[in-house]
Amino acid sequence: MAERLVDVPEGTTLFNVDAASIEESLKQNPWVESVQIERQFPHTLIITPQEYEVAAIAYITSGDVAWAIGTNNTWIAPISLSVTVDAEGNIVSTTGETQGDEAAEQDGTTSAGNDGTAAADGSGSGADAGGDAATDGEPATPEDGEGDVAAGDGSSGDDASGEADEVSTTGSDSSQDGAASDGTRVLTGLEAALALAQQDDAILFINIPADVAPASGSEVTSDVIVAGLAYSDGFSTEFIGQIEDLSLESVDAISVNLTSGVEVSLGSPENIALKERVVTELLDRVEGITYINVRDPENPTYRAL
């Protein structure tokens, strides 16, 4: 990522490198919050971009688009709504391709490792800072085509867009559930947004009012989104791990759907820790519970089978 965003003039050395220009170039990417630049003589320049931490992902139905929201209560950027997951549900690509397709496209190229680091000797980009250059901490930003939605639902194989009119029962490229022969499958729309939220240990916001208008780098001003972020900040990490999505129809009608299938009516973001504790205790104590109302956590109600 840093190599794609930074244009270091040919002939640059560690003595005359323009660190401020490098930082400015990297911050053109909305995901980059800060940049650390370190000179290691005699030949190495280490550039470490720090990305914004994601608090929530807002899926806006009216535009079929999802936006990442930072823990600093700002809109980061729209995200890809076509992702590829492996058999365990882990995201392996944000381009909507199966692993086989992606490997074929990347044949003969060099990419960053799993730890997010990348290195270059300056020969490929014309950036020669008196020797080797290295970048570290590449932000996990969406690929080109952010916000685009691939048609289809859960399909994969040679069609990287996710479109499929019918599923072949005779070939070996994909199965009836849309999985490719390597176990990967493409998720789009709301499913993709949920997978991305889970990857970032963030909360997926749904049922967003149509008048919400995100803009990269701008502060979140919508009352209902701010209320949702208050819950995101107030819930424990353990409880967030049990959340599938947070419905934000209005500030007073906020509710959460748990991965267990239980719906919880929360109301406005007050007494958040107490509400979480009440919900957790009821789930531990009552079998077959399907609905919990903790708008007034001192007097909760619930339904069970």
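Residues numbered from 1 in each chain as written. Predicted model: local features only at pLDDT ≥ 70, side-chain atom pairs only at ≥ 80, totals over all residues. Heavy atoms only, no water.

Trainee: Which parts of the structure should I look at to understand the overall build of the chain?
Mentor: From N to C terminus, the chain includes seven helices and 16 strands. Taken over 305 residues, the chain has a buried fraction of 43%. For the chain, the exposed area adds up to about 15,800 Å²; of that, 43% sits on carbon and sulfur atoms. (Helix = DSSP H or I, 4+ residues; strand = E, 2+ residues; numbered from the N terminus. Buried < 20%, exposed > 50% of the residue type's maximum accessible area, 1.4 Å probe, protein only. Areas by Shrake-Rupley, 256 points an atom, 1.4 Å probe, with all protein chains shown as cover.)

Trainee: Is there a simple way to think about the pattern of salt bridges in this case?
Mentor: Pairing is possible between side chains that carry opposite charge, provided their charged atoms lie close to one another. Here the structure, examined in full by the defined rule, presents one salt bridge. Note that E23 is salt-bridged to K27, the shortest N-O span being 3.3 Å. A relative accessible area of 40% places K27 in the partly exposed class. (Salt bridge = Lys/Arg side-chain N within 4 Å of Asp/Glu carboxyl O.)

Trainee: Quick question: what am I supposed to make of the sheet that holds strand β6 (residues 82–85) here?
Mentor: Pairing between sheet strands relies on hydrogen bonds along the backbone, with the strands arranged either parallel or antiparallel. Strand order in this open sheet of three strands is β7-β6-β10, and the pairing throughout is antiparallel. Each end of this open sheet is capped by a strand with a single partner; those strands are β7 (91–93) and β10 (185–188). Each strand axis lies, on average, 50 degrees off the axis of its neighbour in the sheet, ignoring direction. Seen against the sheet, helix α4 (residues 189–199) touches β6, β7 and β10 and runs at an angle of roughly 100 degrees to β10. (Pairing = 2+ DSSP bridges. Axes fitted to C-alpha atoms, helices over the stretch in contact; angles between N-to-C directions. Contact = heavy atoms within 4.5 Å.)

Trainee: I tried to follow the sheet that holds strand β3 (residues 54–60) on my own but got confused; where do I start?
Mentor: Read from one edge of the open sheet, nine strands run β5-β4-β3-β11-β12-β13-β14-β15-β16, paired in mixed fashion. The outermost strands of the open sheet, each flanked by one partner alone, are β5 (75–79) and β16 (301–304). Mean inter-strand twist for the sheet, computed between neighbouring axes without regard to direction, equals 20 degrees. Relative to strand β11 (residues 203–206), β3 is paired through three bridges, and the arrangement is parallel. The partner of I57 across the bridge, within β11, is L204. Of the strands in this sheet, β3, β4 (65–70), β5, β11 and β12 (243–247) are in contact with helix α5 (residues 223–234), which crosses β11 at around 155 degrees. Helix-sheet contacts for helix α7 (residues 272–285) involve β13 (255–258), β14 (263–265), β15 (289–293) and β16, and the interaxial angle to β15 is about 155 degrees.

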